[in-house]
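Observations on the three-dimensional arrangement
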Protein chains: 4
Amino acid sequence: MKKIGILTGGGDCPGLNAVIRAVVKSASVKYNFEVIGIEDGFDGLVLPNKTHVLTPWGIRGILPVGGTILGTSTRANPFEYKVIQDGVHEVIDVSRDIMRNAESLGLEGLIVIGGDGTLRIAYELYNMGCPTVGVPKTIDNDIPATDVTFGFNTAVQVATDALDRLHTTAESHHRVMVVEVMGRYVGWIALETGISGGADVILIPEIPFSVDKVCDKINSRKKSGSRSSIVVVAEGAKPIGGEVTVISGAERGGRAERLGGIGSKVGAEIEKCIDMEVRVTVLGHLQRGGTPNAFDRLLSTRFGVTAVDLIANKRFGEMVCLKGQRVESVSLKEVIKEQKTVPTEEGLVKTAESIGICFGR
Amino acid sequence: MKKIGILTGGGDCPGLNAVIRAVVKSASVKYNFEVIGIEDGFDGLVLPNKTHVLTPWGIRGILPVGGTILGTSTRANPFEYKVIQDGVHEVIDVSRDIMRNAESLGLEGLIVIGGDGTLRIAYELYNMGCPTVGVPKTIDNDIPATDVTFGFNTAVQVATDALDRLHTTAESHHRVMVVEVMGRYVGWIALETGISGGADVILIPEIPFSVDKVCDKINSRKKSGSRSSIVVVAEGAKPIGGEVTVISGAERGGRAERLGGIGSKVGAEIEKCIDMEVRVTVLGHLQRGGTPNAFDRLLSTRFGVTAVDLIANKRFGEMVCLKGQRVESVSLKEVIKEQKTVPTEEGLVKTAESIGICFGR
Amino acid sequence: MKKIGILTGGGDCPGLNAVIRAVVKSASVKYNFEVIGIEDGFDGLVLPNKTHVLTPWGIRGILPVGGTILGTSTRANPFEYKVIQDGVHEVIDVSRDIMRNAESLGLEGLIVIGGDGTLRIAYELYNMGCPTVGVPKTIDNDIPATDVTFGFNTAVQVATDALDRLHTTAESHHRVMVVEVMGRYVGWIALETGISGGADVILIPEIPFSVDKVCDKINSRKKSGSRSSIVVVAEGAKPIGGEVTVISGAERGGRAERLGGIGSKVGAEIEKCIDMEVRVTVLGHLQRGGTPNAFDRLLSTRFGVTAVDLIANKRFGEMVCLKGQRVESVSLKEVIKEQKTVPTEEGLVKTAESIGICFGR
Amino acid sequence: MKKIGILTGGGDCPGLNAVIRAVVKSASVKYNFEVIGIEDGFDGLVLPNKTHVLTPWGIRGILPVGGTILGTSTRANPFEYKVIQDGVHEVIDVSRDIMRNAESLGLEGLIVIGGDGTLRIAYELYNMGCPTVGVPKTIDNDIPATDVTFGFNTAVQVATDALDRLHTTAESHHRVMVVEVMGRYVGWIALETGISGGADVILIPEIPFSVDKVCDKINSRKKSGSRSSIVVVAEGAKPIGGEVTVISGAERGGRAERLGGIGSKVGAEIEKCIDMEVRVTVLGHLQRGGTPNAFDRLLSTRFGVTAVDLIANKRFGEMVCLKGQRVESVSLKEVIKEQKTVPTEEGLVKTAESIGICFGR
């Protein structure tokens, strides 16, 4: 019986378990492959005793469950692996060990579910001869070559639900509510949440903003009788001429507690130029945990099934992707080139501007 | 100032108000058009005192609200309009009256939001010279020429949430739970709900089913230790050689109380051939009311904005549609030809079969 | 180490796992007791191989999970136990076997979680010498001697969410929506759901109804401009002079498929006397499965902790209960006397009538 | 026709509109009183043009809607009213003006819905001769003389839902998640949320905490195999010997952006003493906006109906309250004496400790 491995890397994301379930079920039903679960991302191929067989019976019930039953790691880059040897912190390359361990496990394919960092590692391992296949995962939706990643839609729904709740407080108190959402260096979550949640202003990294324009918008609303406004700010948004303040690398994403996040800064700036109370909410990790919605469960299932197909067809070095209504695949090489940013002169931004949403430009 | 009209026809559907809001906002912000709201579908162009101006201020707050502020009608076909004259029920053609009334209102464009029946009327009125533009609306997702309709995704989410609840009862009692969902003559809601909700069997109109195959599946699960099973049945599903039992026309869709619905029939048949308790739930109207989810709010907003663009560009006789990630338009002529059914040998059905879901074939 | 047993009987109910978790944690943390889980209600004390040790580690993660990890049975009455011996169906008394098995397991206490039927058995076993303690469980809230049972509040929330969705369809189509909810022989779910969900009419078993009064109410609303109405019907509601149609015993509760449920009957009667469309929805099992809400998780946890306290204090034959804000205990003898029905001349019914809700009287 | 007034003061709270609706409906149905809505709290009795008649028709649809259709104010204390006269900020006493305006409106009763600050004003106005009746409102549940306030249960549910989402991320990443919830100077929200959401540590103002004890708990969990922990921190929690950091008065409650909130401090302290990653989430205003749950809609409706009864019976100077299952009334004098704090040696705290939850003591 052919053996394939599966691991999840990077930040938590709704739908990870749904992918795992689809892989295990499809491997069993369609191909009679055995699936080896690898714990805590690439750590599970470096450290001992971190793999076990996944059976359809063993993974029953995980479809609606958030998180990943395999665990994940945001720090385990095999090419720059941090170890403490004799009390000394060192960074070593364990990629050869991973190759050896995967081989000794008898893996004829390795499904790597992760964001851009994890997929880059998958590509490098592939180039070294490891039979990897990628599944794009991120709530940020910043991975190119796929129309959308799983987890993103759930994050937008959670943030939209939050906006629904904040609207009523804004209206009751005649306030400006500033909501900082995730998204790292791109504005996808902010943009879709802002439109779906009825925001008046959306600030995204792709469009550097002017606080004056934001205040003009709020004041203009006030004049026409709307005594409250909702401002959605992507964590990576930046003022014109300003700097991005997203904390890079492993520390990114939802450190709600960090001082001086862009949401707070924007709130403070707005309060200076208008005569209304301002409140700031930082949604943080709520956006990345919990049960995936129906959309993401479906997409995750499709991705998982297709990933097994890729391995069965020995199409290594590829990543599953959504193109329109079809799930297809693309070379990992195409994926790691750049981030998928929000187009600023077409599509959703233009739609938003058509209904009066201000981007601070 | 240019005037445009807007009406909603057919059954309730999450996202109707989001379209109306986007039309009113975009007409005002982008084009400075005045929007006339027409009440209760085409009734509002036949009966007196059923139109009023819609302003951005007047429609504030409706984005998350289910239903339609304009009201709708499932019976108002202008070409076969039912009236009672002198105590006698008659069916007359009021399409000329509609043309006249639209003209006397000064409408230079008429946005018609509806399902296949309503869009067909829009097309016929267009052929008579009425400047109509269509927006596809149905929870059933059966309209061709668009990848998806608004309302569908919310219906799938509601049904998936229901499945999540039913799973626990099925497992606690070791039961078979049969869930009848909407969808009219097509299986889209059943298919996506079944995959997203972890169903074991999905029965859809496009694949006539054998109860024996269904029981084989349930028994096989029982043997391998799964003491409960979930069966999702589209209201239009039919046994091999059997008849469709969906109630046609205006009476369709969610008459949960109707006797002998296919869900109950399937449940009764299953109970005969397996040694387990069976329970049937008919979701009914829960699937078509209430707040639209983020996906549908976004799609509705995009559709509304694009519908106004079509009118501004005098592209009458067209319908807005989603193609991949883009909102475009297509001739209404293409839309009314046929229903969009589920492909049975590719795509989602194959994905579902890959993870062991049985379609009763 | 002292050993105690735990079993769940009767229909599924949100909060069962939360009670189990609290029992296991409290037994371990506070008393260092060992907890034996007994599967499928009293079946688990009759049939072999249906018990296993429950540890805090083993039950982690079950707090938000609906259903019961122990399984349940709606048919296992030890005093009238159905068996098939030599092909012949027989009803025998296995209560002695249960006593013996409990003893041979070394149980010094047995926590029985269930509704009135299950608690009655617990009381009879207690009278035979079995150290039982009861925990009241039912979504119907019909158990006396406790202000409320766990599961009830979640059922009301699920039904209220459904009403929220149905409102929009009712309004868009100017319809009467009839919603049948559970509750068996009492009207608690209907009453609280009706008030919380904004119903116009509530029909409960405790107040036999006149359809004429219902139609008067709907027509009076129509005259004052409200073109839709919501009617909540308890499954046990009955017309003046009519019969209760709840299916008794194990078959009760949520057989949504049963023909001629009271909801459908009421809908049909209303349609005869008013000039509006009527639609009926039967909520069914959605009300008894799925994750418990915060209220029920808290109550379940308190009940579980107190049940272990009762055993530690050898207060057998008692049931935990909520009195105001306090969790206390009461003799099982008090519990099994009668059902807790809705008072018809005070409290919630009067509150409902004060805001214009009609009870068909 | 008798006239009564109604106003809402203090922070937003789920259920305000449900009270308003019940007052208007009950006043109309039961007493034929006319209800005058007063905007923006006591501001509406100081400034011109801020009152209007509320009719059953006018308030239809508001039951599930969050916020308050009357608007509120957190700054309008009539006894210390802030005005700007000739460019100079002044604080004046406008209580006489309020009395006069209420009289000139012909109000024979004034329903004041608010928290402790607003109710204190209601009591002082009552002492001056104003026919006030109070309705206790606060998500914090800190008002004495009532078992619970409306809004509290919804806040707990929202926070519990958040914990459900955070659990999966904590487990996937083997992290400690610190969640700061509201509650002002009391620990009710933290306590009920912590139990319902499966927290391992709960820190409340009533029990000063030791970070060492918290770390002991987390480490002990880690040793027994639980690689993640959830810590719920009330915004008013304080270390042993430390200071309360809640921002007092009008600025309190959910200023998520404030630097150095107790959640962040606790997170930072924990990170110092354990070898795990820590993340902090501040829930903020999500807890006070949005639709009330079924529990709060029911309680709000009961409070509203009873408030009108009090006025009809000329029982001024009283506040409606919940005692066990009954809605009663109590003198406002009893209400304003002190805050209702969490008992630390009985009830819920003891329940929580029985299942191993640590309070840092």
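Residues numbered from 1 in each chain as written. Chains lettered and ligands numbered in written order. Predicted model: local features only at pLDDT ≥ 70, side-chain atom pairs only at ≥ 80, totals over all residues. Heavy atoms only, no water.

A tally of regular secondary structure across chain A gives 10 helices and 13 strands. Taking 2.2 N^0.38 as the reference for a compact globule, 361 residues should give roughly 21 Å; the C-alpha atoms of chain A span a radius of gyration of 22 Å, in line with that estimate. For chain A, the spread of C-alpha atoms along the three principal axes comes to 70 × 50 × 35 Å. The proportion of buried residues among the 361 residues of chain A is 67%. Of the contacts made within chain A by residues no fewer than 6 positions apart, 73% connect residues no fewer than 24 positions apart. Total accessible area on chain A is roughly 12100 Å²; 48% of this is exposed by carbon and sulfur atoms. Considering chain A, the positive charge centre built from 41 side chains and the negative charge centre built from 43 side chains are found 3 Å apart. (Helix = DSSP H or I, 4+ residues; strand = E, 2+ residues; numbered from the N terminus. Rg over C-alpha atoms; globule rule 2.2 N^0.38 Å. Buried < 20%, exposed > 50% of the residue type's maximum accessible area, 1.4 Å probe, protein only. Contact = heavy atoms within 4.5 Å. Areas by Shrake-Rupley, 256 points an atom, 1.4 Å probe, with all protein chains shown as cover. Lys, Arg positive; Asp, Glu negative; His and termini not counted. Charge placed at Lys NZ, Arg CZ, Asp CG, Glu CD.)

With that settled, consider the state of the cysteines. All names here are of chain B. With the rule as written, the count across this model stands at four disulfides over all chains. With its sulfur 1.8 Å from that of its partner, Cys215 forms a disulfide with Cys273. In this pair, Cys215 sits in helix 6 (residues 211-223) while Cys273 sits in helix 7 (residues 262-273), placing the two residues 58 residues apart along the sequence. Taking the relative accessible area as the measure of exposure, Cys273 reaches 32% and is therefore partly exposed. (Disulfide = S-S within 2.5 Å.)

Once that is clear, we can look at the pattern of salt bridges. Residue and element names in this part refer to chain D. Evaluation of the coordinates by the stated rule reveals 76 salt bridges over all chains. Linking Asp116 and Arg184 is a salt bridge whose minimum nitrogen-to-oxygen distance equals 3.2 Å. One end of the pair, Asp116, is in helix 3 (residues 116-127); the other, Arg184, is in the loop between strand 8 (176-181) and helix 5 (188-196), with 68 residues separating them in the sequence. For Arg184, a relative accessible area of 10% puts it in the buried group. (Salt bridge = Lys/Arg side-chain N within 4 Å of Asp/Glu carboxyl O.)

A few words now on the environment of Ile38 of chain D. All names here are of chain D. Take Ile38: it is sitting in strand 2 (residues 34-38). Exposure remark for Ile38: the relative accessible area of 0% places this residue in the buried category. For the pair formed by Ile38 and Val53, sequence separation is 15 residues and the distance between their alpha carbons is 8.9 Å. Residues in contact with Ile38, not counting those within four places in the same chain, are Gly5, Ile6, Leu7, Gly44, Leu45, Lys50, Thr51, Leu70, Leu107 and Leu110.

Bringing helix 1 (residues 16-31) of chain C into the picture now. Residue and element names in this part refer to chain C. Helix length check: helix 1, at 16 residues, gives a terminal C-alpha distance of 21 Å against a target of 22 Å (1.5 Å per residue), a fit within 8%. Listed as buried for helix 1 are Leu16, Asn17, Ala18, Val19, Ile20, Arg21, Ala22, Val23, Val24, Lys25, Ser26 and Ala27. Within two residues after helix 1, Asn32 carries a phi angle of roughly 60 degrees, on the positive side. (Expected span 1.5 Å × (residues − 1).)

Residue and element names in this part refer to chain D. In the sheet, strand 4 (residues 81-85) pairs with strand 5 (residues 88-92) via five bridges, with the strands oriented antiparallel. Each bridged residue has a counterpart across the sheet, and for Tyr81 the counterpart in strand 5 is Ile92. Where strand 4 folds back onto strand 5 in an antiparallel hairpin, the turn is made up of two residues, including Asp86, whose phi is positive at roughly 55 degrees. (Pairing = 2+ DSSP bridges.)

All right, on to the environment of Arg361 of chain D then. Residues and elements named next belong to chain D. Tracing the backbone through its elements, the reader meets Arg361 in the segment after helix 10 (347-354). Overall, the relative accessible area of 35% leaves Arg361 in the partly exposed class. Setting aside anything within four residues of it in sequence, one finds Arg361 in contact with Ile207, Lys213, Thr344, Glu345, Val349, Lys350 and Glu353. Reaching out from Arg361, the side chain makes a polar contact with the side chain of Glu345 at a distance of 3.1 Å. (Polar contact = N/O pair within 3.5 Å; in protein donor to acceptor, adjacent residues only side chain to side chain.)

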